Amino acid sequence: MSPFHGLIDSHCHLQDPKFDGEHQAVVRRSREADVSAHVVVGYDVQSSRRGVQLARSFENIFATVGVHPHDAKALAPSDIDALARVAEDPRVVAIGEIGLDFYRNLSLPDRQRKAFRDQLNLARSLRLPVVIHARHADEEAFEILSAYVHSMKKDWPAGRPIGVMHCFAGDLPLALRYIEIGFLISIAGTVTYPNADMTRAVARGIPLDSMVIETDAPYLTPQSHRGQRNEPAYIAETAQFIAGLRGERFEGIAEATTANADRLFALDRVPQTAGERS
Ligand SMILES: [Zn+2]
């Protein structure tokens with residue numbers, strides 16, 4: 001039986017300096033909110049290392065390793081080797097967050113494309129799932145990921161999701177196309193925002209066995225705590241909100257999204273830490 005119960009925060013950044021010195025308290029509050037696991041997502045080499053350190057210190061924290069499209073401009077070839085070494089740690093469960101962001105364009109598009117491709121190749125060689133950030137790049141990201149899925153076909157276990165579209169911000173038809181090629185769709189606290197009709201349509205319309213939930217903490221704080229730093233305990237509000245949207249019980253949303261996150265990241269196969277250290 002899966003050791004995970006309650007909720008899983010499938011995407012947060014607890015290595016962010018905004019949480020410095022507070023990890024014990026943040027994890028205690030999330031435990032009180034019945035969060036049984038957190039996936040701490042890297043956004044550059046240093047944050048990936050810091051995420052792995054957290055994952056080695058807390059039984060219920062896991063890490064991903066990757067360079068965000070915003071930081072693609074600084075990605076040197078040697079960084080891919082550095083990421084590969086960080087990703088050797090058995091507490092690492094995915095490559096990400098990686099992708100394309102043509103909304104803010106903090107890195108030149110061609111740098112973003114190269115960083116994305118190089119890190120997809122890394123995920124393929126390490127046989128890890130991918131955590132994707134795509135913004136204002138719908139068609140191109142889909143094209144790249146379809147080709148990627150195709151290239152993986154022989155090597156990827158049937159039934160295991162190949163990755164997750166983090167904080168999905170596209171429309172329902174695009175979400176269904178991603179599900180079709182083997183991705184999960186992650187719903188963040190943005191679903192509670194007044195102007196988020198498109199995200200609500202996605203949260204209502206996708207099959208429950210393709211959904212995971214996330215906080216993206218310290219960002220994207222759900223509506224009732226807006227203005228404060230986000231943290232994993234607040235994921236309960238997002239799950240409750242989705243339950244209301246779908247006319248389902250909270251427990252049903254929790255059970256399905258937790259099972260999906262476990263299936264995606266294979267959390268139940270990750271070796272345990274020596275235990276929580278203070
Ligand atoms: Zn993120």
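Quick summary incoming for the structure in this document. In this text, all values refer to a predicted model and were calculated from it rather than measured experimentally.

## Digging into the nonpolar core
Here comes step 1: Of all hydrophobic cores here, the largest spans 73 residues; its most connected members are Val-130, Tyr-178, Phe-183 and Ile-185.
Here comes step 2: Counting residues per element, this core draws most heavily on helix α5 (residues 138-152), which supplies 7 residues.
Here comes step 3: Dropping the residues within four chain positions of it, Val-130 is found in contact with Ile-95, Ile-98, Leu-120, Ala-123, Tyr-148, Ile-162, Gly-163, Val-164 and Phe-183.
Here comes step 4: Phe-4, Ala-37, Val-41 and Val-131 belong to the second-largest nonpolar core, a separate cluster that totals 17 residues.

## A closer look at the packing of aromatic side chains
Aromatic ring pairs: the centre-centre distance and the angle between the two ring planes describe each pair.
Here comes step 1: Across all of its chains, the model carries 4 aromatic pairs by this definition.
Here comes step 2: With centroids separated by 5.0 Å and ring planes inclined at 75°, the aromatic side chains of Phe-142 and Tyr-178 adopt a geometry described as edge-to-face. Here Phe-142 is found in helix α5, whereas its partner Tyr-178 is found in helix α6 (residues 172-180), with 36 residues between them in sequence. There is no split in this pair, since Phe-142 and Tyr-178 are both buried.
Here comes step 3: Taken together, the ring pairs connect Phe-142, Phe-168, Tyr-178 and Phe-183 into an aromatic cluster.
Here comes step 4: In this structure, Arg-177 packs its charged tip against the face of Phe-142, placed 4.2 Å from the ring centre.

## Regarding the coordination of the zinc ion
The expected angle between donors at a tetrahedral four-coordinate metal is 109.5 degrees. At an octahedral six-coordinate metal it is 90 or 180 degrees.
Here comes step 1: Protein coordination at the zinc ion: the donors are His-11 (NE2), His-13 (NE2), Glu-97 (OE) and Asp-216 (OD), at 2.1 to 2.3 Å from the metal.
Here comes step 2: Coordination at the zinc ion is irregular: its 4 donor atoms span angles of 87 to 177° at the metal.
Here comes step 3: When its relative accessible area of 1% is taken as the criterion, His-11 is described as buried.
Here comes step 4: Taking the relative accessible area as the measure of exposure, His-13 reaches 2% and is therefore buried.

## Comments concerning the layout of surface pockets
Here comes step 1: Of the pockets and cavities examined, the largest pocket occupies roughly 920 Å³.
Here comes step 2: Along the wall of the largest pocket there are 32 residues; nearest its centre are His-133, Arg-135, Cys-167, Asp-216 and Leu-220.
Here comes step 3: Those elements that provide at least two residues to the lining of the largest pocket are β4 (92-101), β5 (130-135), α6 and α7 (197-205).
Here comes step 4: Broken down by element, the lining of the largest pocket gets its largest block of residues, 4 residues, from β5.
Here comes step 5: Partitioned by chemical class, the residues of the lining of the largest pocket number 14 nonpolar, 10 polar and 8 charged.
Here comes step 6: Put simply, the second largest pocket is a space of about 280 Å³.
Here comes step 7: Of all the elements in the fold, those that place two or more residues in the lining of the second largest pocket are α5 and β7 (183-187).
Here comes step 8: A class-by-class count of the residues in the lining of the second largest pocket yields 11 nonpolar, 3 polar and 4 charged.

The rules we used
Residues numbered from 1 in each chain as written. Predicted model: local features only at pLDDT ≥ 70, side-chain atom pairs only at ≥ 80, totals over all residues. Heavy atoms only, no water. Core = buried A, V, L, I, M, F, W, Y, C linked by side-chain atoms within 4.5 Å. Buried < 20%, exposed > 50% of the residue type's maximum accessible area, 1.4 Å probe, protein only. Helix = DSSP H or I, 4+ residues; strand = E, 2+ residues; numbered from the N terminus. Contact = heavy atoms within 4.5 Å. Phe/Tyr/Trp six-rings, centres within 6.5 Å; stacked < 30°, edge-to-face > 60°. Lys NZ or Arg CZ within 6 Å of the ring centre and 35° of its normal. Donors = N, O, S within 2.8 Å, 3.2 Å for Na, K, Ca; no water. Tetrahedral: all angles 85-135°; square planar, octahedral: opposite > 155°, others 65-115°. 1 Å grid on protein atoms, 1.4 Å probe; cavity = no way out; pocket = protein on both sides within 12 Å on 5 of 7 lines; lining within 4 Å. Points joined across faces, edges and corners; volume = space filled by probe spheres on them. Nonpolar A, V, L, I, M, F, W, Y, C, P; charged D, E, K, R; others polar.

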